[in-house]
Amino acid sequence: MAKFTKATGLKDWLNQRLAIEKVEKVMASEYWIPKNINFLWAMGMVLAITFGLLLISGIFLLMYYQPNVETAFDSVNYTIMQEVGFGWLWRHVHAVAASVVFLIIYIHMLTGIYYGSYKKGREMIWISGMLLFVTFSAEAFSGYMLPWGQMSYWAGMVITNLFSAGSLELNGVVEWIRGDYVPGQAFLNRFFMLHVLLLPLAIIALIGIHFAALRIPHVNNQDGEEIDFEVESKKYLDGDKAGSKVIRFANDFMSKDMFVVSVFLMFFFYLTFWNYGFAMDPVNFDPADGLVTPAHIYPEWYFLWSYEILRPFSKDLGLIAFAIAQVIFFLLPFLDRSDNVAPANRRGAFAIWFWLMVVDLIVLTAMGKLPPEGAFNTIGLVAALVFFALWIALPFITKSEKKL
Amino acid sequence: MKKELFILSVVVAFSLLTYWLVEPFAHGQMHPHVDVKGFVYNGASDIKEVDNKIAKIRKDIEAEKAQEKPDAKKLGMLDDDMKAAETRREAKKVFWNDVERIAALEGDAAAGEASYNAGCTGCHNDAALPMEGVIPPDLKTSGALYERHYLIGLIKDPAMASNVDHKFSIVRHHQMESVKYMVTTDEDIVNTIAYLQSIAPKQEEITPDIAFEDACGRCHDVRYKNWTIIGTKPTFKDRRDEMAFDIKHLDAQEGITGYMGKLPPDLSMYIRSRGAHYIEAFMEDPQQLLLGTSMPRVGVNAESAEKVIAYLEEAGDPKAAERNRVGMYVMIYMVFFIIVAFLWKKQIWRDLH
């Protein structure tokens, strides 16, 4: 039993019981971040803020949303969008944030790849981040079902169909997932549960793990330099702030983060109020109708690259390719055989690999949306093959990389 | 700083490129742009559609002939299609030339009243009896809602003017077909229209509600405005009265479904699902966006079209003005947020450099 003395004030009282000063030091003022970073290092904070926006707007939407195939569409488009004061605002914020969060996730991921922030002790940061990406994907997909519009219904139909595993024709599995032969009430209810309970819980837990994974290997920096955090933080605390290679998480790093967040939010709210079409597909403003297939069925933009890896191949080959594409990024720390932690532009062939991958992902994204006809089909097939060629090449080009 | 701006420009450039590819470019590929021609009706788009069909048949014929062993039977059928299409094209040309010629005549409202009473009131009256599922509309507002060329065409040949003649090629005929034999001379036509225009309310008296209800609302429900094809649904105290209304509504829907082949959709969210431009082009000539649809051309003039759009905005996107206003406040707030965040960062980092 610890010794408790009569508290000199509230802070002391709390300190004796919760060690709030210690916690503050560990979490903020003496959580050390490298100084040599650019605005891309603020994407974690941007993501945390965007997740906060999703959580808050989601709570408000949850007060009026009705998970029922008869009333879901109208509860979103009439009750929330028209009757409830500022309901439209929460819905626009929620829909736009759900789309923009993926833009930031992709920037965050590509930053990690470019600067080599996934290896030499940082593997768990990468893997927990990839788990977050997958969970966010499931969260986005399940949320997309809820307005019960045409795209909700048909995307639900197409994606759950994938679980029949092509020629294996595991239709029982598909029915088990849907709770019915086609998407219906059981389907909507379970995706509602996933969207508002199970997946958010998983995301919050994974965010905790992701942050914890940063503790021991520390945040990477622009030059991949190995910093002695003990020495540098001592330098900082002794007063040589300018000479130290590290800064406090709060307020040093935080002040820069918040500036980036403020610019991001301005962009975000511009989209929310005036340019939301990319995140709220017009087709989904038609109520779900199992008898009318929309002329073009496509997923939201952030799933297009993997959708395009599925599409140009035959049924079974496409499914295998799709399955590999979903998990291949997890393996990045192990397929990269080089010990160098450095920005891609100093890593020779890896720089070419990186920019080819970026361009290829963009080409796949574009072709995933376009109708699979003529030249688009060919370009999509080539881009999908290039995607796999790049992953096969990665161990070889990194193995022969010169040590920096 | 310079380096950060360079990195930012790379990130922005790739993001914008992706956006452009998946939004403007992809949607341009999926939905070819159709111009709104200002709600003048001269048959240009009608004839162009047949031209497209002729071009397609020609291509099919050439493809068949290029085969090693051309199928004579198939070629014969394509030939028949070609002849039918060419006849149709000729008929449309003649029809719209006639409309143009008649439009040059001056109408006499007083003389038109007689033609109207003799030729129109047999069906267009207060009895509102359904004909093949469709209730003939009250024509009080028609002189103000619809464009004159369209009305001329409609009296001359309803199926042609509505550009739904493809539906009536063999056995069925347009339920307003009989007008051809009731209002026969060119003078009768323009006089009748002059009369309709003389009894119509002034443009400024026609509200978006009236424009929509008369031009579109006889086939389309708009549940977010409580509109049904049999009128605005009242609030009922007695559940039985409400059920009686609902049954009447269902009967009317069944009638229209039987006639159109498909229940015309509820238009509550069309302003968000299709957008104003699409709806305008669709009202002008549904066939140019949805070839083969049973939806007739509406024939509204530019003023009425604007009112129909206003009605649909009120139904599906009534918060647009509030959105713009709140958006501006948020933008102003964000400018201050950015300034304060920037100053804070500057202050903290002064010692760190």
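Before reading further, recall that the structure is shown in the block above.
Residues numbered from 1 in each chain as written. Chains lettered and ligands numbered in written order. Predicted model: local features only at pLDDT ≥ 70, side-chain atom pairs only at ≥ 80, totals over all residues. Heavy atoms only, no water.

Hey, could you run me through the overall build of chain B in this one?
Each helix and strand in chain B was counted, giving 15 helices and 2 strands. Against the 2.2 N^0.38 benchmark of 20 Å for 353 residues, chain B shows a C-alpha radius of gyration of 27 Å, more extended than a compact globule. Taking all 353 residues of chain B together, the buried fraction comes to 43%. Put simply, 73% of the contacts in chain B that link residues at least 6 apart link residues at least 24 apart. Counting only carbon and sulfur atoms, one obtains 59% of the accessible surface of chain B, whose full area is about 19,500 Å². Chain B carries 44 positive and 54 negative side-chain charges, and their two centres are separated by 8 Å. (Helix = DSSP H or I, 4+ residues; strand = E, 2+ residues; numbered from the N terminus. Rg over C-alpha atoms; globule rule 2.2 N^0.38 Å. Buried < 20%, exposed > 50% of the residue type's maximum accessible area, 1.4 Å probe, protein only. Contact = heavy atoms within 4.5 Å. Areas by Shrake-Rupley, 256 points an atom, 1.4 Å probe, with all protein chains shown as cover. Lys, Arg positive; Asp, Glu negative; His and termini not counted. Charge placed at Lys NZ, Arg CZ, Asp CG, Glu CD.)

Help me out: how do you make sense of the environment of Gly153(B) in this one?
Residue and element names in this part refer to chain B. Considering the arrangement of structural elements, one finds Gly153 in helix α6 (residues 148–156). The buried category is assigned to Gly153, whose relative accessible area is 0%. Once the C-alpha coordinates of Gly153 and Lys59 are considered, the two residues, 94 residues apart in sequence, prove to be 32 Å apart.

I tried to follow the packing of aromatic side chains on my own but got confused; where do I start?
Each aromatic ring pair is summarised here by two numbers: the centre-to-centre distance and the angle between the ring planes. Residue and element names in this part refer to chain A. Applying the stated criterion to the full structure yields 52 aromatic pairs over all chains. Between Phe273 and Trp274 the ring centres are 5.8 Å apart and the planes differ by 55°, which places this aromatic pair in the tilted class. A relative accessible area of 31% places Trp274 in the partly exposed class. Here a set of aromatic residues connected by ring pairs shows up, and it is made of Phe86, Trp88, Phe264, Phe268, Phe269, Phe273 and Trp274. Cation over ring: Arg347 sits above Phe350, and NZ or CZ is 3.9 Å from the ring centre. (Phe/Tyr/Trp six-rings, centres within 6.5 Å; stacked < 30°, edge-to-face > 60°. Lys NZ or Arg CZ within 6 Å of the ring centre and 35° of its normal.)

Even after reading the chapter, I still don't get the side chain of Arg347(A), so can you show me in this structure?
All names here are of chain A. Looking at the element boundaries, Arg347 is found in the loop between α14 (332–335) and α15 (349–369). On the basis of relative accessibility, which here comes to 3%, the residue Arg347 falls in the buried class. At 2.8 Å, the side chain of Arg347 forms a polar contact with the side chain of Glu401. Residues contacting Arg347, with those up to four places away along its chain left out, are Tyr118, Lys119, Asp336, Ser338, Asn340, Ala342, Thr398, Glu401 and Leu404. (Polar contact = N/O pair within 3.5 Å; in protein donor to acceptor, adjacent residues only side chain to side chain.)

Which parts of the structure should I look at to understand the interface of chain A and chain B?
How big an interface is tends to be stated in terms of accessible area lost as the parts join. Taken together, the 60 residues of chain A in the interface contact 52 residues of chain B. Of the roughly 5,100 Å² buried between chain A and chain B, counting both surfaces, carbon and sulfur atoms make up 72%. On the chain A side of the contact with chain B, Gln82(A), Met266(A) and Trp274(A) bury the most area, a combined 12% of that side's loss. Inspection of the chain A/chain B interface yields 20 residue pairs in polar contact (both at pLDDT 80 or more). Those elements that place two or more of their residues in the side of chain A that touches chain B are α4 (72–83), α5 (87–114), α11 (249–274) and α15 of chain A. (Buried area = accessible area lost by both parts, 1.4 Å probe.)

For this particular structure, what's the right way to read the pattern of salt bridges?
Side chains that differ in charge, positive against negative, can pair when their charged atoms come close. All names here are of chain B. In total, this model carries 34 salt bridges over all chains according to the counting rule given. Close ionic contact of Arg88 with Asp165 constitutes a salt bridge, the shortest N to O distance being 2.8 Å. Linking Arg88 in helix α3 (residues 72–103) with Asp165 in the loop between α7 (158–161) and α8 (179–182), this pair joins segments that are 77 residues apart in sequence. Residue classification places Arg88 among the partly exposed residues on the basis of a relative accessible area of 26%. Owing to a relative accessible area of 14%, Asp165 belongs among the buried residues under this scheme. (Salt bridge = Lys/Arg side-chain N within 4 Å of Asp/Glu carboxyl O.)

Sorry if this is basic, but what is going on with unusual backbone geometry here?
Both trends apply: most residues other than glycine have a negative phi, and most peptide bonds are in trans. Across the junction of Ala250(A) and Asn251(A), the peptide omega takes the value 0°, indicating a cis bond. Take Asn251(A): it is sitting in helix α11. Positive phi is not limited to glycine here, since Lys120(A) has a value of about 55°. Backbone geometry places Asn226(B), a non-glycine residue, at a positive phi of 65°. With respect to the element layout, Asn226(B) can be found in the loop between α10 (208–215) and β1 (227–228).

Can you walk me through the packing of helix α4 (residues 109–119) of chain B against helix α9 (residues 186–199) of chain B in this structure?
Residue and element names in this part refer to chain B. At a minimum axis separation of 7 Å, α4 and α9 run at an interaxial angle of 100°. It follows that α4 is roughly perpendicular to α9 by the angle criterion. For the pair α4 and α9, contact is made by Ala109, Ala111, Gly112, Glu113, Ser115 and Tyr116 and by Asp188, Asn191, Thr192, Ala194, Tyr195, Leu196 and Ser198, respectively. When grouped by side-chain class, the residues that make up the contact of α4 with α9 number 6 nonpolar, 5 polar and 2 charged. (Axes fitted to C-alpha atoms, helices over the stretch in contact; angles between N-to-C directions. Parallel < 35°, antiparallel > 145°, perpendicular 65-115°, else oblique. Nonpolar A, V, L, I, M, F, W, Y, C, P; charged D, E, K, R; others polar.)

Even after reading the chapter, I still don't get helix α1 (residues 2–30) of chain B, so can you show me in this structure?
The end-to-end C-alpha separation of α1(B) is 41 Å, in line with the 42 Å expected for 29 residues at 1.5 Å each. At Trp20(B), α1(B) shows its strongest bend, of approximately 35°, with the proline Pro24(B) following within four residues. All of the buried residues in α1(B) are Glu4(B), Ile7(B), Val11(B), Thr18(B), Leu21(B), Val22(B), Glu23(B), Ala26(B), His27(B) and Met30(B). As for α1(B), its buried residues are in contact with α5, α11, α12 (304–310) and α15 of chain A. (Expected span 1.5 Å × (residues − 1). Bend = angle between axes of the 7 residues up to and from the residue.)

Explanation requested: the environment of Gly122(B) in the structure shown.
With respect to the helices and strands, the residue Gly122(B) is situated in the loop between α4 and α5 (142–145). Residues Gly122(B) and Pro136(B), 14 residues apart in the sequence, show an inter-C-alpha distance of 10.0 Å.

In this structure, what is going on with the state of the cysteines? I would like to understand it.
Each disulfide consists of one covalent bond between the sulfur atoms belonging to two cysteines. All names here are of chain B. In the structure shown here, the tally under the stated rule is 0 disulfides over all chains. With no disulfide of its own, Cys123 has Cys120 as its nearest cysteine by sulfur position, at a separation of 9.0 Å. Here Cys219 is not disulfide-linked; the sulfur of Cys216 is the nearest cysteine sulfur, at 9.2 Å. A relative accessible area of 22% means that Cys219 is categorised as partly exposed. (Disulfide = S-S within 2.5 Å.)

Got a minute to help me understand the nonpolar core in this structure?
Most often, soluble globular proteins have nonpolar side chains that are buried together. Counting residues in each nonpolar core, the largest one holds 135 residues, and the members touching the most others are Phe102(A), Phe268(A), Phe329(A), Trp353(A) and Phe387(A). It is α5(A) that contributes the most residues to this core, 16 residues altogether. Leave out the neighbours within four places in its chain, and Phe329(A) touches Met109(A), Ile113(A), Trp126(A), Met130(A), Trp305(A), Leu361(A), Phe387(A) and Trp391(A). Ile152(B), Leu267(B), Met295(B) and Val308(B) belong to the second largest nonpolar core, which has 45 residues in total. (Core = buried A, V, L, I, M, F, W, Y, C linked by side-chain atoms within 4.5 Å.)

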